[in-house]
Amino acid sequence: MNDAPGTPGVPRSEALCREFRRTRAFRQLVPMEAGIGWPLPVPVVQDGAPQVYVRLPLFALRPDPAGGADLFPPFATAALNWSTRRLVEYTDLRFKEPHRSRTEWSRPVGRFPHPAVAGLTNAAYRDMRSRLFHLYDELFDGLARGREPGSTWSGEFSGLLSQLVEPSLTPYYRQLAPKFLRRHLPEDRHLPEEG
């Protein structure tokens, strides 16, 4: 397996997403055409020691034969332990938020690629995506040691996240991790609108 933890060049957070997609739990709970969103950190202190969990938003996407895909609101989240890589929680948001109309879940909210990445070559997009995942690794490793990376890291991370995050999914990310998004994707930061 070329994306195993510790394989040079492959960010651990990206490998974690790939590994989760191959799990039995994913195959049983998540539709095959689902996408995995950008990781959201869940740092906690257990028995006096920092622990880090990675919350992954899961959303439906519908490929368009002409290119790209329609994006739908996240329907679930999965939380994995950063150090053990084990699934610790699966939350079906449709069950957790029964007040929301079923039609909300079945309507697209945006498209991929979004305007900020639409002009990139596949190689350029993959490079940016890989760099962002490497920065996620630094964040999760730092949080596991009880500290966050410095301001240089924060500036690069926020810049890449603001370009790569799907604008149509940003409100959902804000609901799932408000403090994290306030810090790294402030609401006053200009995000490209959906076209």
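Scroll up to find the structure.
Conventions and cut-offs
Residues numbered from 1 in each chain as written. Predicted model: local features only at pLDDT ≥ 70, side-chain atom pairs only at ≥ 80, totals over all residues. Heavy atoms only, no water. Helix = DSSP H or I, 4+ residues; strand = E, 2+ residues; numbered from the N terminus. Rg over C-alpha atoms; globule rule 2.2 N^0.38 Å. Contact = heavy atoms within 4.5 Å. Areas by Shrake-Rupley, 256 points an atom, 1.4 Å probe, with all protein chains shown as cover. Lys, Arg positive; Asp, Glu negative; His and termini not counted. Charge placed at Lys NZ, Arg CZ, Asp CG, Glu CD. Salt bridge = Lys/Arg side-chain N within 4 Å of Asp/Glu carboxyl O. 1 Å grid on protein atoms, 1.4 Å probe; cavity = no way out; pocket = protein on both sides within 12 Å on 5 of 7 lines; lining within 4 Å. Points joined across faces, edges and corners; volume = space filled by probe spheres on them. Nonpolar A, V, L, I, M, F, W, Y, C, P; charged D, E, K, R; others polar. Core = buried A, V, L, I, M, F, W, Y, C linked by side-chain atoms within 4.5 Å. Buried < 20%, exposed > 50% of the residue type's maximum accessible area, 1.4 Å probe, protein only. Pairing = 2+ DSSP bridges.

Asker: Would you explain the overall build of the protein in this entry?
Answerer: Per the secondary structure count, the protein includes 9 helices and 6 strands. For the protein, whose C-alpha radius of gyration is 17 Å, the value lies close to the compact-globule estimate of 16 Å for 195 residues. The C-alpha extent of the protein, read off along each of the three principal axes, is 45 × 40 × 35 Å. Considering only intrachain contacts with a sequence separation of at least 6, the fraction spanning at least 24 residues in the protein is 59%. Approximately 10500 Å² of the protein is accessible, and the part contributed by carbon and sulfur atoms is 53%. Computing the positive centroid from 26 side-chain charges and the negative centroid from 22, the protein places the two 4 Å apart.

Asker: Before we go on, may I ask you to explain the pattern of salt bridges in this structure?
Answerer: Side-chain pairing between opposite charges can occur once the charged atoms of the two side chains come close. Throughout the structure, instances matching the rule amount to 11 salt bridges. For E89, the salt bridge goes to R55, with nearest N and O atoms at 3.9 Å. One end of the pair, E89, is in strand β5 (residues 87-92); the other, R55, is in strand β3 (residues 49-63), with 34 residues separating them in the sequence.

Asker: Whenever I open this one, empty space enclosed by the protein confuses me. Can you help?
Answerer: Picture a little ball the size of a water molecule; that probe, rolled over the atoms, points out where space is still empty. One pass over the structure, following the stated rule, counts 1 cavity of 30 Å³ or more. When its volume is computed, the largest cavity comes out at roughly 40 Å³. Its residues placed into classes, the lining of the largest cavity shows 9 nonpolar, no polar and no charged.

Asker: Explanation requested: the nonpolar core in the structure shown.
Answerer: If you look at the biggest cluster of nonpolar residues, it comprises 45 residues, and the most contacted ones within it are F20, W38, L58, L132, Y136, F157 and F180. Of all the secondary structure elements, the ones that give two or more residues to this core are α1 (12-21), β1 (34-36), β3, β4 (69-81), α6 (122-144), α7 (151-164), α8 (170-176) and α9 (178-184). Top element by residues in this core is α6. It accounts for 9 residues.

Asker: Would you mind showing me how to read the pairing of β5 here?
Answerer: In the case of a regular strand, side chains alternate between the two sheet surfaces. Here β4 pairs with β5 via 5 bridges, running antiparallel. Residue pairing for β5: A78 is matched across the bridge by Y90. Joining the antiparallel neighbours β4 and β5 is a turn of 5 residues, in which R85 adopts a positive phi near 65°.

Asker: Which parts of the structure should I look at to understand the layout of surface pockets?
Answerer: Considering only enclosed or pocket space, the largest pocket measures out at about 400 Å³ in volume. Along its surface, the largest pocket is lined by 17 residues, and R21, G35, I36, F59 and R129 are the ones closest to its centre. Among the elements of the structure, α1, β1, β3, β4 and α6 are those that each provide at least two residues to the lining of the largest pocket. Top element by residues in the lining of the largest pocket is α1. It accounts for 4 residues. Grouping the amino acids of the lining of the largest pocket by side-chain chemistry returns 10 nonpolar, 2 polar and 5 charged.

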